[in-house]
Amino acid sequence: LTGPIPDELGNLSKLKSLILNDNNLTQSIPNAFGNPIRLKNLEINKNKLSGSIPEELGNLEKLEKLDLKSNVLVGSIPMTFAELKSLEFLRLSGNNLENSIPENL
């Protein structure tokens, strides 16, 4: 897959797992990705995603695994990630993130 991630994927309210690893996805992670409230697994590693991590991902109450490794993401880890009470696995290595990990995470 190449190009941007379609915003419409955020409208899939029953989606539980989305794996888009090892592609050529570009631009930013859509803010709409905070909408699929049943999402448990989001893996978008080894792409060319840029921009910051959307704060809206902190709305994913059932998210257990978030893997955004090896992209070109910048900025800091959103404070909203402290709301991810079900999160068991978080991998953000291989990006250009700055600052520290939120205390509540």
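Here we summarise the structure given alongside this text. (Residues numbered from 1 in each chain as written. Predicted model: local features only at pLDDT ≥ 70, side-chain atom pairs only at ≥ 80, totals over all residues. Heavy atoms only, no water.)

**Notes on the sheet that holds strand 4 (residues 41–43)**
Overall, parallel pairing links the 4 strands, which are arranged 2-4-6-8 in an open sheet. Looking along the sheet, the strands with just one partner apiece sit at the ends: strand 2 (17–19) and strand 8 (89–91). On average, each strand axis in the sheet is inclined to that of its neighbour by 10°, with strand direction left out of account. The sheet contact formed by strand 4 and strand 6 (residues 65–67) spans 3 bridges and is parallel. Across the sheet, the residue bridging to E43 is D67, located in strand 6. (Pairing = 2+ DSSP bridges. Helix = DSSP H or I, 4+ residues; strand = E, 2+ residues; numbered from the N terminus. Axes fitted to C-alpha atoms, helices over the stretch in contact; angles between N-to-C directions.)

**Quick look at the packing of aromatic side chains**
Scanning all chains against the criterion turns up 0 aromatic pairs. Its end group placed over the ring of F89, K65 keeps NZ or CZ at 5.0 Å from the ring centre. (Phe/Tyr/Trp six-rings, centres within 6.5 Å; stacked < 30°, edge-to-face > 60°. Lys NZ or Arg CZ within 6 Å of the ring centre and 35° of its normal.)

**Some details on the pattern of salt bridges**
Summed over all chains, the structure comprises 2 salt bridges. Among the salt bridges present, the one from E43 reaches K65, with a minimum N-O distance of 3.4 Å. Highlighted residues: E43 in strand 4 and K65 in strand 6, separated in sequence by 22 residues. Take E43: its relative accessible area is 11%, and that puts it in the buried class. Residue K65 is classed as partly exposed on the basis of its relative accessible area, which comes to 27%. (Salt bridge = Lys/Arg side-chain N within 4 Å of Asp/Glu carboxyl O. Buried < 20%, exposed > 50% of the residue type's maximum accessible area, 1.4 Å probe, protein only.)

**With respect to the environment of G94**
Summarising the element assignment, G94 is placed in the loop between strand 8 and strand 9 (96–97). Looking at G94, the relative accessible area reads 52%, which means it is exposed. Separated by 72 residues in the primary sequence, G94 and D22 have C-alpha atoms spaced 14 Å apart. In this structure, G94 is in contact with S70 and N71, ignoring residues within four places of it in sequence. (Contact = heavy atoms within 4.5 Å.)

**Considerations on the pairing of strand 3 (residues 24–27)**
Sheet topology places strand 1 (residues 2–4) next to strand 3; 3 bridges connect them, and they run parallel. Bridging across to strand 3, G3 finds its partner in L25. In this structure, strand 3 lies alongside strand 5 (residues 48–51), joined through 2 bridges in parallel fashion. Each bridged residue has a counterpart across the sheet, and for T26 the counterpart in strand 5 is K48.

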